[in-house]
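# Observations on chain architecture
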Amino acid sequence: MKIASFNINGVKARLPRLLEWLVETRPKVACLQEVKSQDEGFPAEEFEKIGYHAIWHGQKSFNGVAILADGVKPIETRRGLPKLNDSDPDDDHARYLEAEVDGVRVACIYLPNGNPQPGPKFDYKLAWMERLRARMRELWALEVPCAVVGDYNVIPHDNDVWAPKAMADDALMQPASRDAYMRLLGDGWTDALRTMNPRGGVWTYWDYQAGAWQRDHGFRIDHMLLSPELADRLVAAGVDKDYRGREKASDHAPVWFEISA
DNA sequence: ATGCCTAAGCCCCTTAGA
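Residues numbered from 1 in each chain as written. Chains lettered and ligands numbered in written order. Predicted model: local features only at pLDDT ≥ 70, side-chain atom pairs only at ≥ 80, totals over all residues.

### Observations regarding the nonpolar core
- Counting 77 residues, the largest nonpolar core has Leu-32, Ala-66, Ile-67, Val-106, Ala-147 and Met-224 as its most contacted members.
- Top element by residues in this core is strand 7 (residues 104-110). It accounts for six residues.
- The residues touching Leu-32, leaving out its near neighbours within four places in the chain, are Phe-6, Ile-8, Val-11, Val-65, Ala-66 and Leu-68. (Core = buried A, V, L, I, M, F, W, Y, C linked by C-beta atoms within 7 Å. Buried ≥ 20, exposed ≤ 12 C-beta atoms within 10 Å, placed from the backbone. Helix = DSSP H or I, 4+ residues; strand = E, 2+ residues; numbered from the N terminus. Contact = placed C-beta atoms within 7 Å.)

As structure tokens, then:
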């Protein structure tokens, strides 16, 4: 069973590329981020035509997440992260969607970027990460096969980026961002791509600017965290890198992992 | 120190992304 995640940067602008990728790589579950579409505009029927059923949480202009499954409708288990305290402000960003597919719990996340830092956007990122951790602890306690996949907007290690110095001031690399990510791993979650590539040097994102793709100036921010029930069955993980080089590509490449039946 | 691209809105510039 293959589960994939793809920050597509606009579901409508990217639709031909997205359909092509689904048909060519045929993941059982595909989690999408940065759909950038309101609920009404989500092209569900295009996915139906190629055999994928979808649930989605849209928003005007920005954010937006979706879960697609091959031949079966995802059973939604949550949309949006819970508040930590009742007094916390409402969070209207569409960044979290969770479902069950064939007995596997899958959470699709689009974690806030947090730039510029310091500032309110960075504070929002760190607060969001705390809420994510709380939800992941609930998922952990279910003791079911579970994957939390998506754009984490965190570069975990210096060897997850082409030039650490170039990104040193970026929110993606701040110690507080990394610490929050490491706390998730500390809870026991397995970083699937890292496990398969422990020495780093694997990128999932290349900026549109400054010829970053041509120069291979990328970094790894799309992650797939697995509960032990899934990590024990992990057989492969990778990046569909060549999709980044195609016409009208997203600035992210799809990532995926495979588990034994 | 800044822009380099790209998408979307309601729109020919601004906002946001990472």
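Now that the structure has been shown, we can carry on.
### What about the protein's contact with DNA strand B?
- Taken together, 22 residues lie around DNA strand B, and Gly-10, Ala-13, Asn-113, Gln-209 and Ala-210 are the ones closest in.
- When the residues that make up the surface near DNA strand B are grouped by side-chain class, the tally is seven nonpolar, eight polar and seven charged. (Near = placed C-beta within 6 Å. Nonpolar A, V, L, I, M, F, W, Y, C, P; charged D, E, K, R; others polar.)

### A short note on the sheet that holds strand 3 (residues 52-57)
- As summarised here, the arrangement of the six strands in space is 3-4-2-1-14-13, forming an open sheet in which the pairing is mixed. In the strand order of this sheet, the two ends are held by strand 3 and strand 13 (234-239), each with one partner. Neighbouring strand axes in the sheet, compared pairwise and without regard to direction, differ in orientation by 15° on average.
- With six bridges connecting them, strand 3 and strand 4 (residues 65-70) associate as antiparallel partners. Opposite Ile-55, over in strand 4, you have Ile-67 as the bridge partner. (Pairing = 2+ DSSP bridges. Axes fitted to C-alpha atoms, helices over the stretch in contact; angles between N-to-C directions.)

### A few points about helix 3 (residues 120-142)
- Between the first and last C-alpha of helix 3 there are 33 Å, a value that for 23 residues agrees with the 33 Å anticipated at 1.5 Å per step.
- Considered for burial, the residues of helix 3 that qualify are Lys-125, Trp-128, Met-129, Leu-132, Met-136 and Leu-139.
- For helix 3, the secondary structure elements touched by its buried residues are strand 7, strand 8 (146-151) and helix 4 (175-186).
- Count one or two residues on from helix 3 and you reach Glu-143, which has phi positive near 55°. (Expected span 1.5 Å × (residues − 1).)

### Remarks on the pairing of strand 7
- Buried residues dominate strand 7, accounting for seven of its seven residues.
- Of the two faces of strand 7, the one lined by Val-104, Val-106, Cys-108 and Tyr-110 and the one lined by Arg-105, Ala-107 and Ile-109 are each fully buried.
- For strand 6 (residues 96-101) and strand 7, the ladder comprises six bridges, and the chain directions are antiparallel. Residue pairing across strands places Tyr-96 opposite Ile-109, the latter belonging to strand 7.
- Where strand 6 folds back on strand 7, the antiparallel hairpin that results is connected by two residues, among which Asp-102 adopts a positive phi of roughly 50°.
- Looking at chain direction, strand 7 and strand 8 are connected through six bridges and run parallel. Counted as the bridge partner of Val-106 is Ala-147 from strand 8.
- A crossover connection joins strand 7 to the parallel strand 8 through helix 3; in handedness this β-α-β unit is right-handed. (Right-handed = clockwise from strand over helix to strand, strands pointing away.)

### Description of the sheet that holds strand 7
- The strand order 5-6-7-8-12-9 describes an open sheet built from six strands, whose pairing is mixed. The open sheet terminates on both sides in strands that have one partner only, identified here as strand 5 (75-79) and strand 9 (190-191).
- Where helix 3 meets the sheet, its contacts fall on strand 7 and strand 8, and the angle it forms with strand 7 comes to roughly 175°.

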